[in-house]
Amino acid sequence: EVVMERLLLRLEDMDSKVRHFAAEGVVEVATEKDVHLVPILAGHMVSQSNAVRRAAADAMAKLAFKFGEVLDPSKRPANPLHSPLAQIKRLILHQDPAVSRVA
């Protein structure tokens, strides 16, 4: 839990390499039981910083594949707040063009 918190904080780092490795770390450490993770990561997807949005969106896309949501619809959580795929769709449809462009 502490590791995930630190990785999520590093998504906002000024250094692009740190953001990249933080996003990769989130994907590596995450499990399907981390239902709290998706809403937190979704919050980063609408950050004021384009770089933070990109790092979070990249991690979310990789989680959608890791959790099997892309290839098997039966693996999608009933609650869309806990679904990486649903959060990506929300990003694409976001009213702010700067946010939706990240997707």
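Reading the values: the criteria
Residues numbered from 1 in each chain as written. Predicted model: local features only at pLDDT ≥ 70, side-chain atom pairs only at ≥ 80, totals over all residues. Heavy atoms only, no water. Core = buried A, V, L, I, M, F, W, Y, C linked by side-chain atoms within 4.5 Å. Buried < 20%, exposed > 50% of the residue type's maximum accessible area, 1.4 Å probe, protein only. Contact = heavy atoms within 4.5 Å. Helix = DSSP H or I, 4+ residues; strand = E, 2+ residues; numbered from the N terminus. Arc of directions from axis to C-beta. Salt bridge = Lys/Arg side-chain N within 4 Å of Asp/Glu carboxyl O.

A. How the structure looks around the nonpolar core. Leu 8, Leu 11, Val 26, Leu 37, Leu 41, Met 60 and Leu 63 are the most contacted members of the largest nonpolar core, which totals 26 residues. In this structure, Met 60 is in contact with Val 38, Leu 41, Ala 42, Met 45, Pro 84, Gln 87 and Ile 88, ignoring residues within four places of it in sequence.

B. Fine view of the environment of Lys 33. With respect to the secondary-structure elements, Lys 33 resides in the loop between α2 (16-29) and α3 (37-44). Sequence spacing of Lys 33 and Leu 91 is 58 residues, and the spatial spacing of their C-alpha atoms is 23 Å.

C. Inspection of helix α1 (residues 2-10) at higher detail. Among all positions in α1, only Met 4, Leu 7 and Leu 8 are buried. Buried residues of α1, viewed axially, fall in a sector of 100 degrees; they line one side. Residues of α1 that are exposed and point more than 90 degrees away from the buried face comprise Val 2, Arg 6 and Leu 9.

D. Representation of the pattern of salt bridges in the model. Counted by the stated rule, this structure contains two salt bridges. Where Glu 24 meets Lys 62, a salt bridge forms, and the shortest distance between an N and an O atom there is 2.3 Å. Note that Glu 24 is positioned in helix α2 and Lys 62 in helix α4 (residues 50-66), a separation of 38 residues in sequence. A salt bridge links Asp 58 to Lys 62, with the nearest nitrogen and oxygen atoms 3.4 Å apart. With Asp 58 and Lys 62 both in helix α4, this residue pair falls four residues apart, about one helical turn. Residue class for Lys 62 comes out partly exposed when judged on its relative accessible area of 32%. Each of Glu 24, Asp 58 and Lys 62 takes part in a single network of salt bridges with overlapping partners.

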